[in-house]
Amino acid sequence: MGRRSATRRSRPTATRCRTGPRRPQAFSPYPLGLVDPGSRLGARLLDLVIWFAGYAVTGVLPVNLWRDNGGGGAADAMLFGWFVASFLFYFPFCVAEFGSTLGKRICGMRVVHRGTGRNVGFGRALVREVSWPVFSLVPVLGLLNSLWCCWDRPYRQCLYDKLPDTVVVDR
C-alpha cells in the first residue's frame, strides 16, 4: 500500500500543460478598466463621510464655539466660507492633483480624461465635482445623474462625467 501511494504522488497531473482550448474568462458587463456603478456609489459615500468628518472637526466645532460666544453673522460667514473651501480642497483639488480622492483611492479607482487617459486638470475636476451637488438640488435630475452610469454605453459615465469628459477607471 505504501508503494502504491508513492507512485501516485510521482505523477505530474497538476503541472501538466493543457493542450485543449482554454476556458473563457468570466463575462463582465463593464469594459476593461471601467469601474462598476456600485463601487462608484460606495466611493462617493465614503468620500462624503470623510469630507464631512474633516469639515465638522476643523470648521463646525470651532465656529460654533465662536458663535455661542457672540460671533453672530461673522461666524456664519466664516462657516460658509470654510464649507466652500474644504469642498474645493477635498474634491476637485484631489481629483486634479492625485487622480482620486481618499475614498476613491481606498476603493481602488481614479478619474481620468476620456480622450487621453491622464489625470484631469483643475478646471475639469471643478466642473465634475461642482456639477454633482448642483444636479442633486433638482430632485429628478439628481437621481438621474447618479443612475445614468448604469445604462450609459460604452463609457459608463454619469451626467457629471459627461460635462468634463471624464471616466472612472480601476487604479
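Structure first, text after, so check above.
The notes below deal with the structure included here. (Residues numbered from 1 in each chain as written. Predicted model: local features only at pLDDT ≥ 70, side-chain atom pairs only at ≥ 80, totals over all residues. Heavy atoms only, no water.)

Some points on the packing of helix H4 (residues 122–137) against helix H5 (residues 139–151)
Next, step 1: Remark: H4 packs on H5, axes separated minimally by 5 Å, with the N-to-C direction vectors making an angle of 135°. In terms of their interaxial angle, H4 and H5 are classed as oblique. Facing Trp132, Phe135, Ser136 and Leu137 of H4, the residues of H5 in contact are Pro139, Leu141, Gly142, Asn145 and Ser146.
Next, step 2: By residue class, the composition of the contact of H4 with H5 is five nonpolar, four polar and no charged. (Axes fitted to C-alpha atoms, helices over the stretch in contact; angles between N-to-C directions. Helix = DSSP H or I, 4+ residues; strand = E, 2+ residues; numbered from the N terminus. Parallel < 35°, antiparallel > 145°, perpendicular 65-115°, else oblique. Contact = heavy atoms within 4.5 Å. Nonpolar A, V, L, I, M, F, W, Y, C, P; charged D, E, K, R; others polar.)

Some words on empty space enclosed by the protein
Next, step 1: Taken as a whole and judged by the stated rule, the model has one cavity of 30 Å³ or more.
Next, step 2: Roughly 50 Å³ of volume is contained in the largest cavity.
Next, step 3: Arg40, Ala43, Arg44, Lys104, Met109, Arg128, Tyr160 and Val168 are the residues that line the largest cavity.
Next, step 4: Broken down by element, the lining of the largest cavity gets its largest block of residues, three residues, from helix H2 (residues 37–98).
Next, step 5: Residue classes in the lining of the largest cavity are distributed as four nonpolar, no polar and four charged. (1 Å grid on protein atoms, 1.4 Å probe; cavity = no way out; pocket = protein on both sides within 12 Å on 5 of 7 lines; lining within 4 Å. Points joined across faces, edges and corners; volume = space filled by probe spheres on them.)

A few points about H4
Next, step 1: Taking 1.5 Å of rise per residue, the 16 residues of H4 would be expected to cover 22 Å, and the 23 Å separating its terminal C-alpha atoms lies within 8% of that figure.
Next, step 2: For H4, the principal kink sits at serine 131 and spans about 25°; a proline, proline 133, occurs within the next four residues.
Next, step 3: Within H4 the residues assigned to the buried category are Ala125, Arg128, Glu129, Ser131, Trp132 and Phe135.
Next, step 4: In the core, the buried residues of H4 are packed alongside H2, helix H3 (102–106), strand S1 (109–113), H5, helix H6 (159–162) and strand S2 (166–170). (Expected span 1.5 Å × (residues − 1). Bend = angle between axes of the 7 residues up to and from the residue. Buried < 20%, exposed > 50% of the residue type's maximum accessible area, 1.4 Å probe, protein only.)

Looking at the layout of surface pockets
Next, step 1: Empty space within the largest pocket amounts to approximately 200 Å³.
Next, step 2: Taken together, 13 residues make up the lining of the largest pocket; nearest its centre are Arg40, Leu41, Arg44, Ser146 and Tyr160.
Next, step 3: For the lining of the largest pocket, the secondary-structure elements that each account for two or more residues are H2 and H5.
Next, step 4: Examining the composition of the lining of the largest pocket, we find that six residues originate from one element, H2, more than from any other.
Next, step 5: Across the lining of the largest pocket, the residue classes tally to ten nonpolar, one polar and two charged.
Next, step 6: The calculated volume of the second largest pocket comes to roughly 160 Å³.
Next, step 7: Lining the second largest pocket, in full, are Trp51, Phe83, Val84, Phe87, Leu88, Val130 and Pro133.
Next, step 8: Those elements giving two or more residues to the lining of the second largest pocket turn out to be H2 and H4.

A short note on the environment of leucine 144
Next, step 1: By secondary structure assignment, the location of leucine 144 is in helix H5.
Next, step 2: Setting aside anything within four residues of it in sequence, one finds leucine 144 in contact with Trp151 and Leu159.

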